[in-house]
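Observations on the model geometry
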Amino acid sequence: MRSGRRWSARSGRSVAGQVFMLQVVIVLLLVVSAVVAQVLQVRHDSSTEARNRSVAVAESFANAPGTAAALLLPDPTAVLQPKAEAARKATGVDFIVVMNTEGIRYTHPKPDRIGKKFVGDIGPALAGGTVTQEVKGTIGELVQAVVPVRDAGGKVVGLVAAGITTAHVGGTADQQLPLLLASAAAALALATGGTALVSRRLRRQTHGLGPDEMTRMYEHHDAVLHSVREGVLIVGGDGRLILANDEAQRLLDLPADAERRRVRDLGLDRDTAELIASGRMATDEVHLVKDRLLAVNQRPIEVRGGPPGSVITLRDSTELRALSGRAEVARERLNMLYDAGVGIGTSLDVTRTAEELAELAVPRFADYAAIDLYDAVLKGEEPKPGDTVRRVAFAGLRKDAPLYQVGERIRFVPSSPQARCLATGESVVEPRLRDAPGWRAQDVEVAGRILEFGIHSLITVPLRAGNLVLGVANFCRSEKLAPFDTEELALAEELVARAAVSIDNARRYTREHSMAVALQRSLLPRSLPEQSALEIAYRYLPAQAGVGGDWFDVLPLSGARVALVVGDVVGHGLHAAATMGRLRTAVHNFAALDMTPDELLSLLDELVGRIDQDETPTDSTAPVTGATCLYAIYDPVSRRCTVARAGHPPPALLRPDGTVEFPDVPTGPPLGVGGLPFETADLELPEGSSLVLYTDGLVEDRQRDIDEGLELLAGALESAAGGAPEETCAAVLERLPARPSDDVALIVARTRALGADQVAEWQVPADPAAVSEVRSKVTRQLADWDLDELSFTTELILSELVTNAIRYGRAPIGVRLLRDRTLICEVSDASTTSPHLRYAASTDEGGRGLFLVAQMAERWGTRYTPAGKVIWAEQPLP
């Protein structure tokens, strides 16, 4: 049988054999045509090449140096014949003939042809053109070119002809013909082999079957069609059913005579019948046919060249749909866990974290969710067993649910699920609340209202961080009829476990924040000192992220002067607050030495550098980087303010006329950088001016840069012009957000001045006799101020100070009295030597003067000036 099929295929009686023979004939014709065309093309190309070579050789020889001159010689042949033969052999042409204008040859490959007439048309060449032609010459059929030879004046003095015989022109094609025939044979062999492979593939696919065999094959295919477990329908273009296999009849419950009937008359449901009759393309459309879910695929068959109609396949996906539903539930639970990982714990706030858990659970997991935490957790402390809990978060489908409200304190009875959960640390599930007496014992009346409301199932999960139970999470169902099961309990425990870690982190942060706030409040000034030079108002706003390192101070100095200082330590938390305290204490100590602002900042810069050097890499604290400071001293007598700053924003000045400016104060490096000096600026402040000092949190944040912030500050100050410092502070802070991203420290200081009637000054000659005169002037001045009670002590103090200045100092010597909140006595001289307080021995004749001054004055000290020093003493007014 196999040998018969193979012979049938080769003999051409099969489809494969006929295709094979047809392809062989076509390939043979193509090969023969290609050979003929190639031969003709080769001959044409060879002739063209011969013409081009003849012209090129003739023109080259005609234009060669010496050719034109040789034609004028008595015997041109003697000169030109050797050159022509050499050129002919070099270029491969058959002849190069040089002739005169009458066509008489001077050169020729055959010497007996020299002196005879040239065969060919030379007329165009004599006219100056180039002639190419095929002629029969003395050496046979040839292709030749004739070109003129011109002398220096352009006159034609001779001709040069070059050519190749026809035998040589055709020889190229004859030489290539065997190669072309071999290539054609190879191409025919390859094409025949390819055709044989194609025919073999076709024969293998059709198996060389005849009509009877093809009929049997169709019967087999029909049997397979009716045996598969997938329904197959073929519908014609007129909407009639052409074919339905057994599985399609079973799935659609078709009648026995369904074929050749219209689809809409087969009793199918409306949607399915409309889809099948429409013929439109469909992919896995699910239709409910009786109790089955069928996945329908439909494709038109005319688009592939077939008759009008469509083919439909049906799959029973009922069980697959159930599995897919369970997979969808699992996917939703994984998504919920993912959302819990990224959506719970976005802030370090205990209450907000609890709210995030409740909001995530409703309505995806439960209809109502409530989070109850111990009160101690809200304060950042560790809870103790037995403490009451407080509801801190609630979320539900309805707001009128009869459940405990947010903020209520709750004490659960021991039999309640929440109490058992808190006591054991284990989750409790109550699938049916009506059958849970322990739950109803919490409050029978409220429990009844809850059941009437429709809440029927409960899960209670402990919020546990390690061994510490922080509270409980409650999940309830009302709209969803199915009670909670064990799989949902596992999901609830996973959700709560992730939230518990975030709540515990927030609790720890709350504890640290409370400690930092307590530390900061203990370090910041609780009240401003009494002084008369400035009317001061201040504000301090903590950062949204926590406690920062901003601080301010008002420090009374000698001579009724007042120092203002604001500083900023970059960062937040305990370290920033502690660093701020260290710097503030250092400023207090340095200010007590009555230093100028630039000197104080230099010492503060060295201190910060030493602090950074003392920090080791293993320390938990970080170096003091990013600390800035502004220090200003205001003198109410001269109404001058000396300012220096270390990396701090410039001060603002609100003048009495309402104009605002930012004085040009030289900017020094931040504290701790070192290596650069600080500079001061002296500002003349009219009485009633307001000096505004602030930290960068007031004028700079993520939404705007510092220039925009300074413009807003200037606008706020202009709007508050003429008001008290308290009003100015309020106007400035109204422009800020409710909770700034960084700490804000603000001081508004309106200047006052000591009038001429409060100041008395005298110059003292360097003569001990001048002391009595000073005492007399002081006595009279005190009488004018109604301070006679202080005359004795003041005379004693000034006598001692002036005597020391005359004895140990240098001129000029001055005395100044200031009547402020205290009586201030000042003695100045040009010496920089400071006196020291000491206890004199019983045998010493002197050394007791400063001791007496210290006993009689409330405070005394020394400050240095560019011109020397000032020794001062203060006495309280009676």
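Residues numbered from 1 in each chain as written. Predicted model: local features only at pLDDT ≥ 70, side-chain atom pairs only at ≥ 80, totals over all residues. Heavy atoms only, no water.

Some details on the overall build of the protein
Note the following rule: Each helix is a run of DSSP H or I of at least 4 residues and each strand a run of E of at least 2, with the numbering of both proceeding from the N terminus. Each residue is placed in one exposure class: buried if its accessible area under a 1.4 Å probe, protein chains only, is under 20% of its type's maximum, exposed if it is over 50%, and partly exposed if it falls in between. What makes two residues a contact is simply this: any of their non-hydrogen atoms within 4.5 Å. Surface accessibility in these figures is a Shrake-Rupley result with a 1.4 Å probe; residues are shielded only by whichever protein chains are displayed.
The helix and strand tally for the protein stands at 23 helices and 31 strands. Buried positions account for 45% of the 878 residues belonging to the protein. Across the protein, contacts joining residues at least 24 apart in sequence account for 60% of those joining residues at least 6 apart. With the model as given, the accessible surface of the protein reaches about 44500 Å², and the carbon-plus-sulfur share is 54%.

Observations concerning the pattern of salt bridges
Basically, it comes down to this: A pairing counts as a salt bridge when a side-chain nitrogen of Lys or Arg comes within 4 Å of a carboxyl oxygen of Asp or Glu.
For the structure shown, the criterion picks out 33 salt bridges. For Glu661, the salt bridge identified is with Arg655, shortest N-O distance 2.8 Å. Assessed through its relative accessible area of 32%, Glu661 is described here as partly exposed. Each of Arg352, Glu355, Glu356 and Glu359 takes part in a single network of salt bridges with overlapping partners.

What to know about the confidence of the model for the protein
To keep things clear, this is the line we draw: A residue's pLDDT is simply how confident the predictor is in it, with values from 0 to 100.
Taken as a whole, the protein shows an average pLDDT of 81; of its residues, 83% reach a score of 70 or greater. When the criterion is pLDDT under 50, residues 617-621 qualifies, and its contacts beyond four places in sequence or with other chains add up to three contacts. Segment residues 840-846: pLDDT under 50, and seven contacts once partners within four positions in sequence are set aside and those in other chains are kept.

Describing the sheet that holds strand β8 (residues 292-300)
We apply this condition: For two strands to be treated as a pair, DSSP must find at least two bridges joining them. For every element, the axis is a line fit to its C-alpha atoms; helices are fit only across the contacting stretch, and the angle between N-to-C directions ranges from 0 to 180 degrees.
An order of β6-β5-β9-β8-β7 is seen for the five strands of this open sheet, with the pairing classed as antiparallel. Each edge of the open sheet carries a strand with a single partner, namely β6 (241-244) and β7 (282-289). Neighbour-to-neighbour, the strand axes of the sheet open up by a mean angle of 25°, direction not taken into account. In the packing of helix α9 (residues 270-278) onto the sheet, the strands contacted are β5 (231-236), β7, β8 and β9 (309-316), and the crossing angle to β7 comes to about 150°.

Focus on empty space enclosed by the protein
Just so we agree on the cut-off: With a 1 Å grid spanning the protein atoms alone, the term cavity applies to any set of points in which a 1.4 Å probe fits but cannot get out, the term pocket to an open set with protein on both sides within 12 Å along at least five of seven lines, and the term lining residue to any residue with an atom within 4 Å of a point. Grid points are joined across faces, edges and corners, and a volume is the space filled by probe spheres set on the points. Throughout, the ten residues Ala, Val, Leu, Ile, Met, Phe, Trp, Tyr, Cys and Pro are labelled nonpolar, Asp, Glu, Lys and Arg are labelled charged, and all others, Gly among them, are labelled polar.
Tallying each qualifying case throughout the model produces four cavities of 30 Å³ or more. In this structure, the largest cavity encloses a volume near 280 Å³. Of the residues belonging to the lining of the largest cavity, the class tally is 16 nonpolar, three polar and two charged.

Digging into helix α4 (residues 76-91)
Let me state the cut-off plainly: Take the residue count of a helix, subtract one, and multiply by 1.5 Å to get its expected span. The arc in question is the one spanned by the directions pointing from the helix axis to the C-beta atoms.
A rise of 1.5 Å per residue sets the reference length of α4, with its 16 residues, at 22 Å; its end C-alpha atoms lie 22 Å apart and thus fit the reference within 8%. For α4, the full list of buried residues reads Pro76, Thr77, Leu80, Gln81, Ala84, Glu85 and Arg88. Seen along its axis, α4 keeps its buried residues to an arc of 135°; they face one direction. Facing away from the buried side of α4 by over 90 degrees, the exposed positions are Ala78, Lys89 and Ala90. Just downstream of α4, Gly92 is the residue with a positive phi angle, here 85°.

Points about the sheet that holds strand β31 (residues 868-876)
Read from one edge of the open sheet, five strands run β27-β28-β29-β31-β30, paired in antiparallel fashion. At either margin of the open sheet sits one strand with a lone partner, and together these are β27 (759-764) and β30 (859-865). When strand polarity is set aside, the average angle formed by the axes of neighbouring strands in this sheet is 15°. Inspection of the sheet shows β30 paired to β31 by seven bridges, in the antiparallel sense. Across the sheet, Gly861 pairs through a bridge with Trp872, a residue of β31. Against the sheet, helix α21 (residues 770-784) contacts β27, β28 (813-819) and β29 (822-829), and its axis sits at roughly 170° relative to β27. Lying on the sheet, helix α22 (residues 791-808) is in contact with β27, β28, β29 and β31; it crosses β29 at an angle near 15°.

Thoughts on the nonpolar core
We apply this condition: The set of buried Ala, Val, Leu, Ile, Met, Phe, Trp, Tyr and Cys residues whose side-chain atoms join them within 4.5 Å is what this entry labels a nonpolar core.
Of all hydrophobic cores here, the largest spans 52 residues; its most connected members are Leu534, Trp551, Leu564, Leu601, Leu604, Tyr631 and Cys641. When residues of this core are assigned to their parent elements, the largest contribution, seven residues, is made by strand β19 (residues 627-635). When sequence neighbours within four positions are dropped, the list of residues in contact with Cys641 reads Ala632, Ile633, Tyr634, Ala681, Asp682, Leu683, Leu685 and Leu691. Counting 48 residues, the second-largest nonpolar core is a separate cluster that includes Leu337, Ala361, Leu463 and Ala473.

Here we look at the packing of α21 against α22
Worth spelling out the cut-off: When the near helix sits turned anticlockwise from the far one by under a right angle, the crossing is termed left-handed; a clockwise turn instead gives a right-handed crossing.
The interhelical angle for the contact between α21 and α22, taken along N-to-C directions, is 145°, at an axis separation of 9 Å. The two elements α21 and α22 cross, and the hand of that crossing is right-handed. Contact with α21, carried on its side by Val771, Val774, Arg775, Val778, Thr779 and Leu782, involves Ser791, Thr794, Glu795, Leu798, Ser799, Val802, Thr803 and Ile806 of α22 and no other residues of that element. The class makeup of the residues in the contact of α21 with α22 is seven nonpolar, five polar and two charged.

Quick notes on α9
For α9, the full list of buried residues reads Thr272, Ala273, Leu275 and Ile276. Burial along α9 is one-sided: seen end-on, the buried residues are contained in an arc of 160°. Those residues of α9 that are exposed and aimed more than 90 degrees away from the buried face are Arg270 and Asp271. Gly279, located one to two residues past α9, shows a positive phi value of around 75°.

Re a nonpolar patch on the surface
Put simply, the rule is: Surface patches are defined over residues having more than 30% relative accessible area and no salt bridge, joining like charges when they lie within 9 Å and nonpolar side chains (Val, Leu, Ile, Met, Phe, Trp, Tyr) when within 5 Å.
Taken together, the side chains of Leu22, Ile26 and Leu30 define a hydrophobic patch exposed on the protein surface, amounting to about 310 Å² of accessible area. With relative accessibility at 54%, the residue Leu22 sits in the exposed group.

Overview of the pairing of β9
Pairing geometry for β5 and β9, over six bridges, is antiparallel. Residue pairing for β9: Ile234 is matched across the bridge by Val311. Bridge analysis of β8 against β9 gives seven bridges, and the strand direction is antiparallel. Bridge pairing links Val296 to Leu314 in β9.

As for the environment of Glu356
Convention followed: Any N or O atom pair separated by 3.5 Å or less is treated as a polar contact, with the protein-specific requirement of one donor-capable and one acceptor-capable atom, and with residues adjacent in sequence counted only for side-chain atom pairs.
On the secondary structure map, Glu356 appears in helix α11 (residues 350-361). Residues Glu356 and Phe394, 38 residues apart in the sequence, show an inter-C-alpha distance of 9.8 Å. Setting aside its immediate chain neighbours within four residues, Glu356 contacts Gly343, Ile344, Gly345 and Thr346. Only 2.8 Å separates the side chain of Glu356 from the backbone nitrogen of Gly345, close enough to count as a polar contact.

Brief notes about the pairing of β31
The side chains of a regular strand alternate, first on one face of the sheet and then on the other. For β31, a buried count of eight out of nine residues is recorded, marking the element as mostly surrounded by other parts of the structure. The pairing of β29 with β31 spans eight bridges and is antiparallel. Across the sheet, Ile824 pairs through a bridge with Glu874, a residue of β31.

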